[in-house]
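Summary of the model geometry
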Amino acid sequence: MFNKMIAGILPYFPKKLVWIFSKRYIAGETIEDAIRVSKELNAQGIKVTIDILGEFIKDLSEAERNKVEYLELIDTIQKENIDGNYSLKPTSFGLLIDKEVSYNHIREIVAKAASYGNFIRVDMEDSPCTDMEIELFRRLKAEFPDNVGLVFQAYLKRTLSDLQNLMDIHSDEHPNNYRLCKGIYVEPAEIAYKKYEEINQHFLEDLEFLLKNGNYVGIATHDKPIIEGAYKLIEKYNVPKDKYEFQMLYGVTPELRKSIIEKGHTMRVYVPFGKEWFGYSTRRLKENPKMASHIIKALFYR
Ligand code: FAD
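What you see is a predicted model, and the numbers here were worked out from it, not measured in a lab.

1. Notes on the overall build of the protein
If you tally the helices and strands in the protein, you get twelve helices and eight strands. Expected size for 302 residues packed as a compact globule is a radius of gyration near 19 Å; at 19 Å, the protein falls within 12% of this value. When burial is assessed residue by residue, the protein has 53% of its 302 residues classed as buried. If you take every contact in the protein between residues at least 6 apart in sequence, the share linking residues at least 24 apart comes to 76%.

Structure representation (structure tokens):
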């Protein structure tokens, strides 16, 4: 109850307070911070996917700025020889303002990544974006079959059917490339599973569908039962190492992460950075409200 209340008022917390918690989950505000953290992770045998924070813009001039930032990021990361790719959120490029403008910006970013043989992961946002983000993926994959992938959320009731429908653009030569996660937004019960057990069960069902049909999957979770379930599926379908990877968020469950790497699986960590860390952080805090009460305690017990 107390945790829920804290989660509700989080967006109104002073920024300085939220930063105490956030610094664990965010590389920093600058590209240099992202490079430093990425190199540290690469040195531990971990790949990265780098995300510039920012979403739900109000003005298309912000979309143009965000595109330029991504294009610069891609050139810099290439020069720095970092083992990583990129994640982006379509609403940062105006998806909800002008779909075509956002498509053109994201297309330019994918083209830049493709010119280096690299890859852009389109994050999945909340349910008003789902259809548009699937359509975006279809269009981009038609032009860049190996350089773009999408995220699916196991909590959405529609996910398995979306994955089945997308098999029409999957081939052995150019497999569909997904990240599968539980989903982080608050969605209505009509369209989303709410219970932990239900979400986990559907996560593993979706994962089984993807693995047995030759899709590439980034298994994005910190949840041990799902990781154990994934190990079983990988064994059951004898999935080769180049058809999946595990993914985790920067700063979350590093011990579990280590145990996955020690078993010889590929691991990629999501490294967010940028000035817009506040929205990202309050979402993480809402997801894990226990952390919020820890912050309050840290404030009073210092
Ligand atoms: P949970 O059941 O939430 O957590 C399992 C355990 O992990 C918890 O008990 C706790 O020990 C630990 N844990 C989880 N989160 C935290 C935390 N913040 N701090 C500390 N411990 C924690 N969601 C989207 O909707 N769209 C996306 O595009 C997207 N991309 C993602 C990319 C990556 C690489 C990852 C790992 C997640 C992404 N997510 C995305 C978020 C995801 O949907 C979940 O909300 C998040 O990963 C928590 O779910 P979980 O599977 O770890 O399981």
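2. Brief notes about the packing of helix 8 (residues 196-212) against helix 9 (residues 224-236)
How two helices sit against one another is set out by the angle between their axes and by the gap between those axes. Between helix 8 and helix 9, the shortest axis-to-axis distance is 10 Å and the interhelical angle comes to 25°. If you check the angle between helix 8 and helix 9, you find them roughly parallel. The element helix 8 and its partner helix 9 pack so that their crossing is right-handed. Here Tyr196, Asn200, Phe203, Leu204, Leu207, Glu208 and Leu211 of helix 8 lie close against helix 9, whose contacting residues are Pro225, Ile226, Gly229, Ala230, Leu233, Ile234 and Lys236. Taken together, the residues of the contact of helix 8 with helix 9 sort by class into ten nonpolar, two polar and two charged.

3. Observations concerning the environment of Pro240
You can see Pro240 is positioned in the loop between helix 9 and strand 7 (244-249). Given the relative accessible area of 44%, Pro240 is considered partly exposed.

4. A closer look at the pairing of strand 8 (residues 267-273)
When you tally the buried positions in strand 8, you get seven out of seven residues, the bulk of the element. Where strand 1 (residues 47-52) lies against strand 8, six bridges are found, and the strand directions are parallel. Note on strand 8: the bridge partner recorded for Thr49 is Tyr270. The pairing of strand 7 with strand 8 spans four bridges and is parallel. Across the sheet, Gln247 pairs through a bridge with Arg268, a residue of strand 8. Handedness of the crossover joining strand 7 and strand 8 through helix 10 (residues 254-262) is recorded here as right-handed.

5. Section: the sheet that holds strand 2 (residues 84-88)
The parallel closed barrel is built from eight strands, whose spatial order is 1-2-3-4-5-6-7-8. Between one strand axis and the next, the sheet turns by 30° as a mean value, whatever way the strands run. Pairing analysis gives three bridges linking strand 3 (residues 120-122) to strand 4 (residues 148-153), with the strands arranged parallel. Residue pairing in the sheet places Val122 in a bridge with Leu150 of strand 4. Where helix 4 (residues 60-79) meets the sheet, it contacts strand 1, strand 2, strand 3 and strand 8, and its direction lies at approximately 155° from that of strand 1.

6. Focus: the environment of Asn104
Within the fold, Asn104 resides in helix 5 (residues 99-115). Sequence separation between Asn104 and Phe93 is eleven residues; the distance between their C-alpha atoms is 9.1 Å.

7. Quick notes on helix 10
Listed in full, the buried residues belonging to helix 10 are Leu256, Arg257 and Ile260. The buried side chains of helix 10 occupy one side of the element, clustering within an arc of 105° when seen end-on. Exposed residues pointing more than 90 degrees away from the buried face of helix 10 are listed as Glu255 and Glu262. Among the residues trailing helix 10, Gly264 stands out with phi positive, at a value near 90°.

Criteria and thresholds
- Residues numbered from 1 in each chain as written.
- Predicted model: local features only at pLDDT ≥ 70, side-chain atom pairs only at ≥ 80, totals over all residues.
- Heavy atoms only, no water.
- Helix = DSSP H or I, 4+ residues; strand = E, 2+ residues; numbered from the N terminus.
- Rg over C-alpha atoms; globule rule 2.2 N^0.38 Å.
- Buried < 20%, exposed > 50% of the residue type's maximum accessible area, 1.4 Å probe, protein only.
- Contact = heavy atoms within 4.5 Å.
- Axes fitted to C-alpha atoms, helices over the stretch in contact; angles between N-to-C directions.
- Parallel < 35°, antiparallel > 145°, perpendicular 65-115°, else oblique.
- Left-handed = near helix turned anticlockwise from the far one by under 90°.
- Nonpolar A, V, L, I, M, F, W, Y, C, P; charged D, E, K, R; others polar.
- Pairing = 2+ DSSP bridges.
- Right-handed = clockwise from strand over helix to strand, strands pointing away.
- Arc of directions from axis to C-beta.

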